[in-house]
Amino acid sequence: MPPIYPLIQPMPQNLVIVESPAKAKTIEGYLGKDFKVLSSYGHVMDLSKNQLSVDIENGFEPQYEIAPDKNKLVTELRKAARDADMVWLASDEDREGEAISYHLFKALGLKKEKTKRIVFHEITKDAILKAIENPRDIDLNLVAAQQARRVLDRLVGYELSPLLWKKVKPSLSAGRVQSVAVRLIVEREEEIKQFQTNSFYKVTAQFTATTSDGQTHTLNAELPERFEAEAEAVAFLNQLIGASYHIADVEKKPSKKSPAPPFTTSTLQQEASRKLGFSVANTMRVAQSLYESGKITYMRTDSVNLSDLALNMAAKVIAENYGKEYVKTRKYATKTKGAQEAHEAIRPTYMQNQSISGTAEEKRLYDLIWKRTVASQMADAKLERTVITIDISTSDKHFAATGEVVLFDGFLKLYLESSEDDGQESEAGILPPLKKGQLLDAQQITATQRFTRQPARYNEASLVKKLEELGIGRPSTYAPTISTIQKREYVKKEDRPGEKRPYRQYILQGSKIKEKNLSEMVGQEKGKLVPTDIGILVNRFLMEYFESIIDYQFTANVEKEFDEIAMGRKKWNKMIGDFYKPFHKNISDTTTNAGKFSGERLLGVDPASGKNVYVKVGRFGPMIQIGDTDSDEKPRFAGMRKDQSMETITLEEALKLFEFPRLLGDFENKEVVVSVGRFGPYVRHDGQFYSLAKTDDPASVGIDRAIELIEEKRNKKAEAVIKSFTEDPELRILNGRFGPYITYKGKNFKIPKGTDPAGLSLEACRGIIADPENTPKKRFIKKKS
């Protein structure tokens, strides 16, 4: 009997190319059998990683090439494009997406008459079909704007980074927007160091009053003035002994609160950080997943605009769930320059879906977006604010009590925007029904020592807010900028436990003043961005020699120029030319004239040798040097620990670093040594290295703790091995971060789904390795951020 072959399906007439496979799957379901949807997995062309790839002599033309890891994919897409009657380029609707479509057009050798560009800001059936009905050409102005950003950043990085290698430290790199972000963080740290904390005294009072119904109520009030000196506060309390108090005025004022507009990229990043504790990068990752699965609109936008369809959907949902009195349709105007009102704010694609299926993170972020969007179309909250002024018989000062009553909750029923200062001050409560002229009884009056607060360090959310305020960067750049400055170790994210601070309190009860000495925890911080020594040094170098490059106004103006290019009002290569000539001259002058920039600082003199002790940046990072470089005797060096700073290290702490390596004892007949290296303190035993935990002090760690660290690492390594083979020791089955896999001769291979890794034989493993469909597992996949 002849073999039975499946029927050969005719190639669909239309090929749609999107950026991600998740999006492709969703869209293909909407378009039907006449459309095949494939993914480009982000950019298929880019500048070479190994050379400048910008033709400076010929109008700064970029020399794009197909990314090496995309060759096979491009071949497949080319074949699919040749077999299709029409190719629809459906990458994202921003500048980055336009460039992806342009590069696909070039890389696939497409013809204009057989190519259409479509855009949509939500992945719904209606939006996709509408896009198909309304195609357009590739917008070369948007491509030029993206190209200008790419070329400018390449020129800055390619010329500035080698200069940093020569003058500061090898392997450093500099980016245009990233350097400005680092400058903000360094300058904030400097502000904190320069800040002088001052104390003052705040006076509060607790009164009781009886109302006409015979009930006794408590009234909390505060003196609006502050006393700078302790003596002044105590003198005021003494003045109040025997005083009487009465209500001088009761003032009621109506007020209202209005909802915040729907989310843009930056406000979503900020609010997700404050309310959900998400990092900026994680917010974008989860939002991308929600967009690609058709649950929200496009997540890279600086517009607060909502379509008429969205406004109508929101009004219907609000009326059905809360009542018609809660509906107030609002059209928000975008203040950000260069924002495109054709885009929408980030919103649910279907407003009636209050919840979704998905991961826990997707559900939480969607809930936040849904509430913010719906609340933006709800009525104002109506409030009544009451201020009671209390006169003092023995003083011309007065106390004030404030309260607030919600008369109609409006949008507050659903959502209230948070802020960086949440939790700093308690909200005003409801005041008892008191009348003008009514006498009050003072239960106690308290003068409490308070302190001025230093400027807050940036976290990811507040840094995004600051960058947006300064006009630096755009929705697509915030997350990669913040990730890059941390990866380059110019900035680190830190938690600080805080410390105890003593303060005084004086309490007047009756005719006696009692003094209390109390303490409080201050300075606790979580997820704050702090500059590293290298970050501080690089910033100083750039401020001294390239101040214009990291000038806030200059960087904001560059963004405006990109916007002008996107609107067709400016030629991109002229803009680059105007920048490059003075910049390149500055590079040449600095290369010739600037000396080594190590941040060297004299700490003092080593008592043992009488030689100078310096802190500086060397080839491998911050270090201590005993002795002068130009002396006959070679200086001694010691690397600093990760938890030490060049700015604050003392002579005593520096000298302790020369006590390493320190012999702890023997284990398994081999020496155990603790030392401090380039990447921090570690234990060395039998040629193996074991990092100390953050809580371990290398100066005091003992042999018992060292053995514990050695055995911990050994156990962890043993648990990672699912199976090994004596016949072929290089082949092992390991348990990895993303599940079991096979490793062989430096390459990793996926194990087919449904296969028990522990049950695999040597031959079965070799079969998986030999299978051409099972390409080596890639550890790093470059995606569009």
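Given the structure is predicted, the values throughout are model-derived calculations rather than measurements.

Caption draft 1: Up close: the overall build of the protein. Scanning the protein from N- to C-terminus turns up 19 helices and 30 strands. Overall, the C-alpha framework of the protein stretches about 110 × 85 × 65 Å when taken along its three principal axes. Each of the 785 residues in the protein was classed as buried or not, and the buried ones make up 47%. Within the protein, contacts between residues at least 6 apart in sequence are counted, and of these 69% link residues at least 24 apart. Taken as two groups, the 120 positive and 110 negative side-chain charges of the protein have centres that lie 3 Å from each other.

Caption draft 2: Seen up close, the pairing of strand β10 (residues 216-222). Relative to β10, strand β9 (residues 199-210) runs antiparallel, the two sharing seven bridges. Within β10, the residue paired with F207 across the bridge is L219. Hairpin connection between β9 and β10: a loop of five residues separates the two successive antiparallel strands, and G214 in this loop has a positive phi of roughly 85 degrees.

Caption draft 3: Structural detail: the nonpolar core. Within the largest apolar cluster, 127 residues are counted, with the highest numbers of intra-cluster contacts made by F120, I296, L365, L463, F546, I576 and I624. Top element by residues in this core is helix α5 (residues 140-167). It accounts for 11 residues. Every residue in contact with F546, bar those within four places of it in the chain, is listed here: L160, L163, F541, F583, N586, I587 and T590. Counting residues in each nonpolar core, the second largest holds 28 residues, with L219, I390, L431 and L508 among its members.

Caption draft 4: Highlighting helix α11 (residues 360-375). Taking 1.5 Å of rise per residue, 16 residues should cover 22 Å, and α11 covers 22 Å from first to last C-alpha, within 8% of that figure. Among all positions in α11, only E362, L365, Y366, L368, I369, W370, R372, T373, V374 and A375 are buried. In this structure, the buried side of α11 is in contact with α8 (265-276), α9 (280-292) and α10 (308-322).

Caption draft 5: View of the sheet that holds strand β30 (residues 747-750). With antiparallel pairing, the four strands of this open sheet are ordered in space as β27-β28-β29-β30. Looking at which strands have only one partner, the edges of the open sheet turn out to be β27 (721-724) and β30. When strand polarity is set aside, the average angle formed by the axes of neighbouring strands in this sheet is 30 degrees. One ladder, built from four bridges, connects strand β29 (residues 739-744) with β30; its direction is antiparallel. Of the residues in β30, the one forming a bridge with T743 is N748. In the packing of helix α18 (residues 703-720) onto the sheet, the strands contacted are β27 and β28 (732-736), and the crossing angle to β27 comes to about 60 degrees.

Caption draft 6: Representation of the pattern of salt bridges in the model. Counting across every chain of the model gives 54 salt bridges. D92 is the salt-bridge partner of K23, the closest N and O atoms lying 2.6 Å from each other. Of this pair, K23 sits in helix α1 (residues 21-31) while D92 sits in the loop between β7 (86-89) and α3 (95-107), placing them 69 residues apart in sequence. With relative accessibility at 2%, the residue D92 sits in the buried group. A salt bridge links D94 to R300; its shortest N-O distance comes to 3.6 Å. Taken together, the residues D94 in the loop between β7 and α3 and R300 in the loop between α9 and α10 connect sequence positions 206 residues apart. As far as burial versus exposure is concerned, D94 and R300 are alike and both buried. Connected through shared salt-bridge partners, E189, R457, K492, E494, R496 and E525 make up one network.

Caption draft 7: Broad picture of the packing of aromatic side chains. A full pass over the atoms with the stated rule returns 17 aromatic pairs. A centroid spacing of 5.8 Å and a plane angle of 75 degrees characterise the contact between F207 and F399, whose relative ring orientation is edge-to-face. Highlighted residues: F207 in strand β9 and F399 in strand β13 (residues 398-408), separated in sequence by 192 residues. Like F207, the residue F399 is buried in the burial classification. Directly above the ring of Y458 sits R188, whose terminal nitrogen or CZ lies 4.4 Å from the centroid. Here the basic side chain of R450 rests over the ring of Y503, its NZ or CZ set 4.9 Å away from the ring centre.

Caption draft 8: Quick look at the confidence of the model for the protein. This prediction gives the protein a mean pLDDT of 89; 94% of its residues lie at or above 70. When pLDDT is averaged over each element of the protein, α11 comes out on top at 97 and strand β22 (residues 636-639) at the bottom at 84. Every residue in residues 1-11 is under pLDDT 50, and counting partners more than four places away or in other chains gives two contacts.

Caption draft 9: Just the sheet that holds strand β19 (residues 601-605), in detail. A sheet is described by the order of its strands in space; here four strands give the open sequence β19-β20-β21-β22, paired in antiparallel fashion. Unpaired on one side and paired on the other, β19 and β22 mark the two borders of the sheet. Pairs of neighbouring strands in the sheet enclose a mean axial angle of 30 degrees, with direction left out of account. Bridge analysis of β19 against strand β20 (residues 612-618) gives four bridges, and the strand direction is antiparallel. Pairing of G604 across the sheet is with V613, part of β20.

Caption draft 10: Quick look at the environment of L15. Topologically, L15 is positioned in strand β1 (residues 14-18). As a C-alpha pair, L15 and D83 span 68 residues in sequence and 8.8 Å in three-dimensional space. Excluding its chain neighbours within four sequence positions, the residues that come into contact with L15 are K36, L38, L77, A80, A81, A84, M86, V87 and W88.

Caption draft 11: Structural context of unusual backbone geometry. Here F660 and P661 are connected by a cis peptide whose omega angle stands at 0 degrees. On the secondary structure map, P661 appears in the loop between α17 (651-656) and β23 (662-667). With a phi angle near 70 degrees, S171 is a residue other than glycine that sits in the positive phi range. Checked against the element boundaries, S171 lands in the loop between α5 and α6 (176-194). Residue classification places S171 among the exposed residues on the basis of a relative accessible area of 68%. Positive phi outside glycine occurs at E668, with the angle close to 55 degrees.

Caption draft 12: Summary view of the environment of I66. Take I66: it is sitting in strand β6 (residues 64-66). In the structure, I66 is positioned 20 residues away from D46 in sequence and 6.5 Å away in space, judged by C-alpha atoms. Excluding its chain neighbours within four sequence positions, the residues that come into contact with I66 are V44, M45, N71, V74, R78 and A107.

Caption draft 13: Spotlight on the pairing of strand β25 (residues 680-685). The element β25 is largely enclosed, with a buried count of five among its six residues. One ladder, built from six bridges, connects strand β24 (residues 670-677) with β25; its direction is antiparallel. Its bridge partner lying in β25, S675 is registered against Y682. Relative to strand β26 (residues 688-691), β25 is paired through four bridges, and the arrangement is antiparallel. In the sheet register, R684 faces β26, and the bridge partner there is F689.

Caption draft 14: Seen up close, the side chain of E344. Within the secondary structure layout, E344 lies in the loop between α10 and α11. Taking relative accessible area as the criterion, E344 reaches 5% and is therefore assigned buried. Engagement of the side chain of E344 in a polar contact is seen with the side chain of R347, the distance being 2.8 Å. The residues contacting E344, other than those within four sequence positions of it, are H121, T301, S303, N305, L306, S307 and A310.

Caption draft 15: Structural detail: α6. Between its first and last C-alpha, α6 extends 27 Å over 19 residues, near the 27 Å set by a 1.5 Å rise per residue. Counted residue by residue, α6 has 14 buried out of 19 residues, so it is predominantly covered.

The rules behind these values
- Residues numbered from 1 in each chain as written.
- Predicted model: local features only at pLDDT ≥ 70, side-chain atom pairs only at ≥ 80, totals over all residues.
- Heavy atoms only, no water.
- Helix = DSSP H or I, 4+ residues; strand = E, 2+ residues; numbered from the N terminus.
- Buried < 20%, exposed > 50% of the residue type's maximum accessible area, 1.4 Å probe, protein only.
- Contact = heavy atoms within 4.5 Å.
- Lys, Arg positive; Asp, Glu negative; His and termini not counted.
- Charge placed at Lys NZ, Arg CZ, Asp CG, Glu CD.
- Pairing = 2+ DSSP bridges.
- Core = buried A, V, L, I, M, F, W, Y, C linked by side-chain atoms within 4.5 Å.
- Expected span 1.5 Å × (residues − 1).
- Axes fitted to C-alpha atoms, helices over the stretch in contact; angles between N-to-C directions.
- Salt bridge = Lys/Arg side-chain N within 4 Å of Asp/Glu carboxyl O.
- Phe/Tyr/Trp six-rings, centres within 6.5 Å; stacked < 30°, edge-to-face > 60°.
- Lys NZ or Arg CZ within 6 Å of the ring centre and 35° of its normal.
- pLDDT = per-residue confidence, 0-100.
- Polar contact = N/O pair within 3.5 Å; in protein donor to acceptor, adjacent residues only side chain to side chain.

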